[in-house]
Amino acid sequence: DKESKAQLLDLNVPESKISIHPDVAFTFAESAQINTTPSEHPCLKVAISVRDWPYFKKTTSDEGMKQYTHTISKAVEHLVLRHQAEVVFISTCQGVPDYWKDDSTLAHSLVEQLSPDVRKKVHVDDDFHSPSELLNLLQGFDAVIATRMHMAICALAAKKPVFPIAYEFKTQVLFEQIGMGEWVQDIEALKANTFCETLDRFLETLPAHIAHITPQIDTLCKEAYTAGETIKAAFNRSVFPERTT
């Protein structure tokens, strides 16, 4: 994104060596088996990705995570009690023992704090899923609340409306790029009541969100592939200079 380019320029990286491309994960949209038929399940189904975030700027890590987890818990209660929704916690970072993080650990701790009645409608998927498996799973949901940016991108690639929580500027930039910036929730400023009210407005117009993002994601998918040609050209110039003119 342009903001990242500006940071590289501040580090004195030559502009000729900088090229902006969409995240490579958008290429998943090309192979995603998109289900355009109306949902057959009787209730709203929402996927949620959570993550630990120790780098709060406006408060301590403990206080920031306390407000974040409180907001997510209240949102889950709101989804279940007001919308009769089914909620599944799922993430791109889980189910790999050797990886340094497993988001399902936080998800399980959140679910344990819910009331028994709410907990009946909530499930934690803590298995590892390949990108293709994850995109297929996401076809079973109506919307995704995503903290992990790559969970948000995978959901967008599956043409699912995403209600994003931004812990870094890249999420805000991405959703502004596709005309969905108004829905981004800043992890530094989460308030449970405001979050749920905004989520209600988001859920009221799910079909419109899908219609809006579909052409945007198709374009980003095509543009993401151009990174390969850029890298190939740079590699050839540095390793095989005799091949270039």
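For the structure, check the block above.
Since the structure is predicted, the reported quantities are computational estimates derived from the model, not experimental observations.

J.: What am I meant to see in the overall build of the protein chain here?
T.: For the protein chain, the helix and strand inventory stands at 11 helices and six strands. Over its C-alpha trace the protein chain gives a radius of gyration of 19 Å, about what one expects of a compact globule, namely 18 Å for 245 residues. C-alpha extents for the protein chain along the principal axes are approximately 70 × 45 × 35 Å. Looking at the protein chain as a whole, 44% of its 245 residues are labelled buried. At a minimum sequence separation of 6, the contacts of the protein chain that also span at least 24 residues come to 66%. The protein chain carries 24 positive and 34 negative side-chain charges, and their two centres are separated by 3 Å.

J.: Even after reading the chapter, I still don't get the pairing of strand S2 (residues 86-89), so can you show me in this structure?
T.: Here is the key point about a regular strand: its side chains alternate between the two faces of the sheet. Examined bridge by bridge, strand S1 (residues 45-49) and S2 share four bridges and lie parallel to one another. Pairing of Ile48 across the sheet is with Phe89, part of S2. For the crossover from S1 across helix H3 (residues 61-83) to S2, the handedness is right-handed. One ladder, built from three bridges, connects S2 with strand S3 (residues 122-124); its direction is parallel. By the bridge assignment, Phe89 is partnered in S3 with Val124.

J.: Even after reading the chapter, I still don't get the sheet that holds strand S4 (residues 143-146), so can you show me in this structure?
T.: The strand order across the open sheet built from six strands is S3-S2-S1-S4-S5-S6, with neighbouring strands paired in parallel fashion. Either end of the sheet is taken by a strand with one partner, and the two such strands are S3 and strand S6 (185-186). Both S1 and S4 contribute to a ladder of four bridges, which runs parallel. Residue pairing across strands places Val46 opposite Ala143, the latter belonging to S4.

J.: I keep staring at the pattern of salt bridges and nothing clicks. Help me out?
T.: Close approach of charged atoms lets side chains of opposite charge pair. Here the structure, examined in full by the defined rule, presents eight salt bridges. Across the pair Lys5 and Glu15 runs a salt bridge, and its minimum N-O distance is 2.9 Å. Taken as a pair, Lys5 in helix H1 (residues 2-10) and Glu15 in the loop between H1 and helix H2 (28-31) lie far apart in primary sequence, 10 residues in all. With a relative accessible area of 22%, Lys5 lands in the partly exposed category. Lys159 is paired through a salt bridge with Asp218; the nearest N and O atoms lie 2.9 Å apart.

J.: Would you mind going over the side chain of Asp103 with me for this structure?
T.: Inspection of the secondary structure assignment puts Asp103 in helix H4 (residues 103-112). A polar atom in the side chain of Asp103 sits 2.8 Å from the side chain of Arg148.

J.: How should the environment of Leu203 be read in this particular structure?
T.: With respect to the helices and strands, the residue Leu203 is situated in helix H9 (residues 192-204). A sequence separation of 159 residues divides Leu203 from Leu44, and the C-alpha atoms of the two residues are 9.5 Å apart. Contact partners of Leu203, with chain neighbours within four places excluded, come to Leu44, Leu79, His83 and Ala143.

J.: I would appreciate a short explanation of helix H6 (residues 131-138) in the present structure.
T.: Count 3.6 residues to each turn of an α-helix, and residues three or four apart come out pointing the same way. Within H6 the residues assigned to the buried category are Leu134, Leu135 and Leu138. Buried residues of H6, seen end-on, are gathered within an arc of 100° and therefore sit on one face of the element. Contact partners of the buried residues in H6: H2, S1, S4 and helix H7 (149-157).

J.: Looking at this structure, I do not really get the packing of H3 against H9. What am I missing?
T.: Pairs of packed helices are described in terms of their axes, by the angle between the two and the distance that separates them. For the pair H3 and H9, the least separation of the axes is 9 Å and the interaxial angle reads 45°. If you check the angle between H3 and H9, you find them oblique. When you trace H3 past H9, the crossing you get is right-handed. Mapping the contact onto sequence places Gln67, His70, Thr71, Lys74, Ala75, His78, Leu79, Arg82 and His83 in H3 and Ala192, Phe195, Cys196, Leu199, Asp200 and Leu203 in H9. Classifying every residue of the contact of H3 with H9 by side-chain character gives seven nonpolar, five polar and three charged.

J.: Teacher, can you tell me more about the layout of surface pockets here?
T.: Using a probe with the size of a water molecule, rolled over the atoms, empty space left in the structure can be pinpointed. Of the volumes computed, that of the largest pocket is approximately 530 Å³. Together, 21 residues line the largest pocket, and Asp1, Ile20, His21, Pro22 and Asp23 are the ones closest to its centre. Counting residues per element, the ones that place at least two in the lining of the largest pocket are H1, H7, helix H8 (169-177) and helix H10 (206-224). When residues of the lining of the largest pocket are assigned to their parent elements, the largest contribution, five residues, is made by H1. Looking at the lining of the largest pocket, its residues break down into 10 nonpolar, four polar and seven charged.

The rules behind the values
Residues numbered from 1 in each chain as written. Predicted model: local features only at pLDDT ≥ 70, side-chain atom pairs only at ≥ 80, totals over all residues. Heavy atoms only, no water. Helix = DSSP H or I, 4+ residues; strand = E, 2+ residues; numbered from the N terminus. Rg over C-alpha atoms; globule rule 2.2 N^0.38 Å. Buried < 20%, exposed > 50% of the residue type's maximum accessible area, 1.4 Å probe, protein only. Contact = heavy atoms within 4.5 Å. Lys, Arg positive; Asp, Glu negative; His and termini not counted. Charge placed at Lys NZ, Arg CZ, Asp CG, Glu CD. Pairing = 2+ DSSP bridges. Right-handed = clockwise from strand over helix to strand, strands pointing away. Salt bridge = Lys/Arg side-chain N within 4 Å of Asp/Glu carboxyl O. Polar contact = N/O pair within 3.5 Å; in protein donor to acceptor, adjacent residues only side chain to side chain. Arc of directions from axis to C-beta. Axes fitted to C-alpha atoms, helices over the stretch in contact; angles between N-to-C directions. Parallel < 35°, antiparallel > 145°, perpendicular 65-115°, else oblique. Left-handed = near helix turned anticlockwise from the far one by under 90°. Nonpolar A, V, L, I, M, F, W, Y, C, P; charged D, E, K, R; others polar. 1 Å grid on protein atoms, 1.4 Å probe; cavity = no way out; pocket = protein on both sides within 12 Å on 5 of 7 lines; lining within 4 Å. Points joined across faces, edges and corners; volume = space filled by probe spheres on them.

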